[in-house]
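A look at the structure
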Amino acid sequence: MKMSPHQWLSNRINLQSTRSGPVTRPAEEKTMKSTIPRRKTAVIKAFSKTRQSDEYGACNVSQNAVLLMEAHAHLTIGLQSRERLLLLFTDSLIIAKTKSLYLKLKARVSLSDIWLASCVHCITDRKLTSKNSFVIGWPTTNYAVSFSSSETKERWLHALQWHTCRARQRVLPNAILLYVLLVCHADDNSSATVAVAVDVSTTAENVVQYIMQQCKLLGEVSDYQLCVNYEKEEETYPLIGHELPFFILHHSLRSQQDHLNMPSEPLQEAFSSAQQAEASSKTPHFILKSRTRTPSGECTVSKILATFTLYLTTFLNKYMDSLLQ
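Since this is a predicted model, take the numbers as computed values, not measurements.

**Considering the packing of aromatic side chains**
With the rule as written, the count across this model stands at five aromatic pairs. Their ring planes at 70 degrees and their centres at 4.9 Å tell us that Phe-246 and Phe-247 sit as a pair that is edge-to-face. Taken together, Phe-134, Phe-147 and Trp-156 form an aromatic cluster joined through their ring pairs.

Put into structure tokens, the structure is as follows:
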């Protein structure tokens, strides 16, 4: 039986009530918090303080949203992997950490903001297979998500593809001008800004291809990388190629409006003004850079030296141990 998000959460709270005594109902539904006796922690905690986590917290699940699917999966980035509970609703994806009978919400993402890909090897150094894994992300994060079986993976991938596509069809305006700063040579102080028309399905790789054609840049698409930088943040976020620049900007502007309690009607005007002015520290700026590549010869030599040093260190350690025995 399909449940609304509030019914699903109420069932979890009722389950705790029958096992641990009375539970205090949420004081404010917007914050998704619930308190219980002091000997217990909160049933549902606020989002962890990560970059833009508060913005995603503002994307409240609608009263009319329906829970479609739920499953446990591993989210991996780099070498770090965490088990999470995924809850797919008709308007959003909730990612939570399970702690006994409790849930700690880690992210709540609008379906229109989600992008999907198969390049698992670009996200993690772990040996994950595309048989039960795929890439899932949102502004501006990517994870390799792994399920317990290939059947579960395919079911989730198809469901996310269908529902995210449907959600993006309802977004208005559905096309904008994206202003990209060209910094193609690290030793060249000159730069230029290029306007690129993007819609809800334009990927970062599509943007690079367009700029290369317009500016007659030499080389391959893989020689360049589109990056995102936020005002007053030193870190630049490189995009792999499957990300959707339209929704990076759309999410940022929508979050600013939610934070300022602005009506949604002027969103189209906000698109144009945000592209022309650096009005907010959370407005993303797009930069096209040349990828820095290490010559294959240098890479091979460095690997050989590193391997030799490792073996030599291991040999000396064993030799010293034998002398001490």
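Moving on from the model shown.
**A closer look at the confidence of the model for the protein chain**
For the protein chain, per-residue confidence averages 75 on the pLDDT scale, and 61% of positions sit at 70 or higher. Across residues 294-304, where pLDDT falls below 50, the model places one contact with residues more than four positions away in sequence or in other chains.

**Observations concerning the environment of Glu-154**
Looking at the secondary structure, you find Glu-154 in helix H3 (residues 150-168). Under the relative-accessibility criterion, Glu-154 is labelled partly exposed at 30%. The spatial distance from the C-alpha of Glu-154 to the C-alpha of Lys-131 is 8.7 Å, given a sequence separation of 23 residues.

**Topic: the nonpolar core**
Ranked by size, the top nonpolar core spans 31 residues in total, and within it Val-180, Val-207, Ile-211, Leu-226 and Leu-288 carry the most contacts. Among the elements of the structure, strand S9 (175-183), strand S10 (192-199), helix H4 (204-215), strand S11 (224-230), helix H5 (245-260) and strand S13 (284-290) are those that each provide at least two residues to this core. Leave out the neighbours within four places in its chain, and Ile-211 touches Val-180, Leu-182, Val-194, Val-196, Lys-216, Leu-217 and Leu-288. Counting 22 residues, the second largest nonpolar core, distinct from the first, contains Met-69, Ala-71, Phe-147 and Leu-157.

**With respect to the sheet that holds S9**
The strand order across the open sheet built from five strands is S10-S9-S13-S11-S12, with neighbouring strands paired in mixed fashion. Edge strands, defined here as strands with exactly one partner in the open sheet, are S10 and strand S12 (236-238). Strand after strand, the sheet turns through a mean of 35 degrees between neighbouring axes, direction not considered. Here S11 runs beside S13; their pairing, made up of seven bridges, is antiparallel. Each bridged residue has a counterpart across the sheet, and for Tyr-224 the counterpart in S13 is Ser-290.

**Section: the environment of Val-196**
Relative to the elements of secondary structure, Val-196 occurs in strand S10. Judged by relative accessible area, which is 2%, Val-196 ranks as buried. C-alpha of Val-196 to C-alpha of Ile-211: the two residues are 15 residues apart in sequence and 7.6 Å apart in space. Those residues in contact with Val-196, other than ones at most four positions away along the chain, are Ile-176, Leu-177, Leu-178, Val-180, Val-207, Tyr-210 and Ile-211.

**Re the pairing of strand S3 (residues 80-89)**
With seven of its ten residues buried, S3 lies for the most part within the structure. Alignment of strand S2 (residues 67-77) against S3, held across ten bridges, turns out to be antiparallel. Within S3, the residue paired with Leu-75 across the bridge is Arg-82. Note: S3 against strand S4 (residues 92-99), four bridges, orientation antiparallel. Residue pairing in the sheet places Leu-87 in a bridge with Ile-94 of S4. Remark: two residues form the turn of the hairpin made by S3 and S4, two consecutive strands paired antiparallel.

**Overview of the environment of Gln-256**
By secondary structure assignment, the location of Gln-256 is in helix H5. Counting along the chain gives 27 residues from Gln-256 to Thr-283, while the straight-line C-alpha distance between them is 8.8 Å.

**Some remarks on the side chain of Arg-168**
As for its placement among the helices and strands, Arg-168 is situated in helix H3. Among buried Asp, Glu, Lys and Arg side chains, Arg-168 stands out as unpaired, with Asp-113 the closest opposite charge at 7.6 Å. At 2.8 Å, the side chain of Arg-168 and the backbone oxygen of Ile-114 are in polar contact. Sequence-distant contacts of Arg-168, defined by excluding residues within four places in its chain, comprise Leu-111, Ser-112, Ile-114, Val-200, Leu-244 and Phe-247.

**Focus on the pattern of salt bridges**
In the structure shown here, the tally under the stated rule is one salt bridge. Here Lys-153 and Glu-154 are joined by a salt bridge, their closest N and O atoms 3.0 Å apart. Under the relative-accessibility criterion, Lys-153 is labelled buried at 7%.

**A closer look at H4**
Across its twelve residues, H4 extends 17 Å between first and last C-alpha, which sits within 8% of the 16 Å expected from 1.5 Å per residue. All of the buried residues in H4 are Ala-204, Val-207, Val-208, Ile-211 and Met-212. Seen end-on, H4 carries its buried residues on one side only, within an arc spanning 135 degrees. Count one or two residues on from H4 and you reach Lys-216, which has phi positive near 55 degrees.

What counts, and at which threshold
- Residues numbered from 1 in each chain as written.
- Predicted model: local features only at pLDDT ≥ 70, side-chain atom pairs only at ≥ 80, totals over all residues.
- Heavy atoms only, no water.
- Phe/Tyr/Trp six-rings, centres within 6.5 Å; stacked < 30°, edge-to-face > 60°.
- pLDDT = per-residue confidence, 0-100.
- Contact = heavy atoms within 4.5 Å.
- Helix = DSSP H or I, 4+ residues; strand = E, 2+ residues; numbered from the N terminus.
- Buried < 20%, exposed > 50% of the residue type's maximum accessible area, 1.4 Å probe, protein only.
- Core = buried A, V, L, I, M, F, W, Y, C linked by side-chain atoms within 4.5 Å.
- Pairing = 2+ DSSP bridges.
- Axes fitted to C-alpha atoms, helices over the stretch in contact; angles between N-to-C directions.
- Lys, Arg positive; Asp, Glu negative; His and termini not counted.
- Salt bridge = Lys/Arg side-chain N within 4 Å of Asp/Glu carboxyl O.
- Polar contact = N/O pair within 3.5 Å; in protein donor to acceptor, adjacent residues only side chain to side chain.
- Expected span 1.5 Å × (residues − 1).
- Arc of directions from axis to C-beta.

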